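One-letter residues, chain by chain:
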Amino acid sequence: MTELRVPLEGALQLALVLNAGGVIGSLSTGFVATRLGSLRTLGCAGLICAAMLILIPSGLVSGAGLMVLVTVAPTTQNLVNALVAEIVPAQSRAASLGRTLGVGRLGAITAPLIGSWLLAHIPRGSGLQGGAGSVFVTFAGVCLLGVAISLLFPWGARHARAQEITNEIG
C-alpha cells in the first residue's frame, strides 16, 4: 500500500474499512438481490467491484473516496451463495454451495500468493504501472471472469432440472 502512497496507518485503516464495508455491502446487496434477483445483483456488483479495483491504484481517488471504494469489493461471495440457493434444485444445492465456497476459499488462498508474486516481479511504479497497481488490475480481471462465469449459472441450473425431469420420466 505504501507504493500507492497510503501510509502504514492508512493501510491499517483501509483494512478496517474493508471489513466494515464487507458487512455493510453484504447487507445492502442482500436487500437489492431480494428485490432484483441474485444474478442481476451479482453481475452489477462484480462490474462495480472491477471498476473500483481499477480506480483504487489509479490515483484518481484518495482519502474518504478511497475508503468508500473498498467497501464494494467483499460482497460478491455472499451473492454467489444466494444465487446458488435461488437457482439450484434442492437435492443438489448443498453440493453446489460447497463447490462455490471451495472456489471462494481457493481464491482467498491464491490471491496473496499471486499478489506477492506480482509485487516481487514487477518493478515499482506509480498508479497502474507498478507492482501494486498490477495486483489490483489482476484482481479486477478475475472479478470480471467471475461475472462471466456467473452468467453460466442459470444455463447449468436449467440443464440440471431438465436432466432431473428426464430421470423422473424414464
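Each remark here, short or long, concerns the structure printed above.
Residues numbered from 1 in each chain as written. Predicted model: local features only at pLDDT ≥ 70, side-chain atom pairs only at ≥ 80, totals over all residues. Heavy atoms only, no water.

### Looking at the overall build of the protein chain
Alright, step 1. Along the backbone of the protein chain there are seven helices and zero strands.
Alright, step 2. Ordered by position in the sequence, the α and β elements of the protein chain form the string α-α-α-α-α-α-α.
Alright, step 3. The buried share among the 170 residues of the protein chain stands at 34%.
Alright, step 4. Counting only contacts in the protein chain whose residues sit at least 6 apart along the sequence, the fraction spanning at least 24 positions is 68%. (Helix = DSSP H or I, 4+ residues; strand = E, 2+ residues; numbered from the N terminus. Buried < 20%, exposed > 50% of the residue type's maximum accessible area, 1.4 Å probe, protein only. Contact = heavy atoms within 4.5 Å.)

### A short note on helix α4 (residues 76-87)
Alright, step 1. Here α4 spans 16 Å end to end across 12 residues, near enough to the 16 Å set by a 1.5 Å rise per residue.
Alright, step 2. Buried within α4 we find Leu79, Val80, Asn81, Leu83 and Val84. (Expected span 1.5 Å × (residues − 1).)

### A short note on the side chain of Thr100
Alright, step 1. By the secondary structure assignment, Thr100 is in helix α5 (residues 90-121).
Alright, step 2. Taking the relative accessible area as the measure of exposure, Thr100 reaches 14% and is therefore buried.
Alright, step 3. Sequence-distant contacts of Thr100, defined by excluding residues within four places in its chain, comprise Gln77, Val80, Asn81, Val84 and Phe153.

### Quick word on the packing of α5 against helix α6 (residues 131-150)
For any two helices packed against each other, one specifies the crossing angle of their axes together with the interaxial distance.
Alright, step 1. Relative orientation of the contacting elements α5 and α6 amounts to 145°, with a least axis distance of 8 Å. Regarding α5 and α6, the two cross each other, and that crossing is right-handed. Residues Ala111, Ile114, Gly115, Leu118 and Leu119 of α5 lie in contact with α6, whose contacting residues are Gly131, Ala132, Ser134, Val135, Thr138 and Phe139.
Alright, step 2. For the contact of α5 with α6, the class distribution of residues is seven nonpolar, four polar and no charged. (Axes fitted to C-alpha atoms, helices over the stretch in contact; angles between N-to-C directions. Left-handed = near helix turned anticlockwise from the far one by under 90°. Nonpolar A, V, L, I, M, F, W, Y, C, P; charged D, E, K, R; others polar.)

### Focus on a nonpolar patch on the surface
Alright, step 1. On the surface, Val23, Ile24 and Leu27 cluster together into a nonpolar patch covering about 330 Å² of accessible area.
Alright, step 2. Relative accessible area serves as the criterion here: at 53%, Val23 is assigned to the exposed category. (Patch = residues over 30% accessible without salt bridge, like charges linked within 9 Å, V, L, I, M, F, W, Y side chains within 5 Å. Areas by Shrake-Rupley, 256 points an atom, 1.4 Å probe, with all protein chains shown as cover. Salt bridge = Lys/Arg side-chain N within 4 Å of Asp/Glu carboxyl O.)

### What about α5?
Alright, step 1. An ideal rise of 1.5 Å per residue puts 46 Å on 32 residues; α5 measures up with 46 Å between its terminal C-alpha atoms.
Alright, step 2. Taken as a whole, α5 carries its principal kink of about 30° at Thr110; the proline Pro112 stands between one and four residues after it.
Alright, step 3. Along α5, the residues classified as buried are Ser96, Thr100, Gly104, Gly115 and Leu118. (Bend = angle between axes of the 7 residues up to and from the residue.)

### Quick notes on the nonpolar core
Alright, step 1. Grouped together as the largest cluster of nonpolar side chains are seven residues: Cys49, Ala50, Leu53, Ile56, Phe136, Ala140 and Cys143.
Alright, step 2. Those elements that place two or more of their residues in this core are α2 (38-58) and α6.
Alright, step 3. It is α2 that contributes the most residues to this core, four residues altogether.
Alright, step 4. Counting residues in hydrophobic clusters, the runner-up holds six residues, among them Ala33, Leu42, Leu79 and Val80. (Core = buried A, V, L, I, M, F, W, Y, C linked by side-chain atoms within 4.5 Å.)

### So, the packing of α4 against α5
Alright, step 1. Where α4 contacts α5, the axes come no closer than 9 Å and their chain directions differ by 160°. When the axis of α4 is compared with that of α5, the two are roughly antiparallel. In this structure, α4 meets α5 at a crossing whose hand is right-handed. Where α4 abuts α5, its residues Gln77, Val80, Asn81, Val84 and Ala85 lie against Arg93, Ser96, Leu97, Thr100, Leu101 and Gly104.
Alright, step 2. Here the contact of α4 with α5 is built from residues that sort into five nonpolar, five polar and one charged. (Parallel < 35°, antiparallel > 145°, perpendicular 65-115°, else oblique.)

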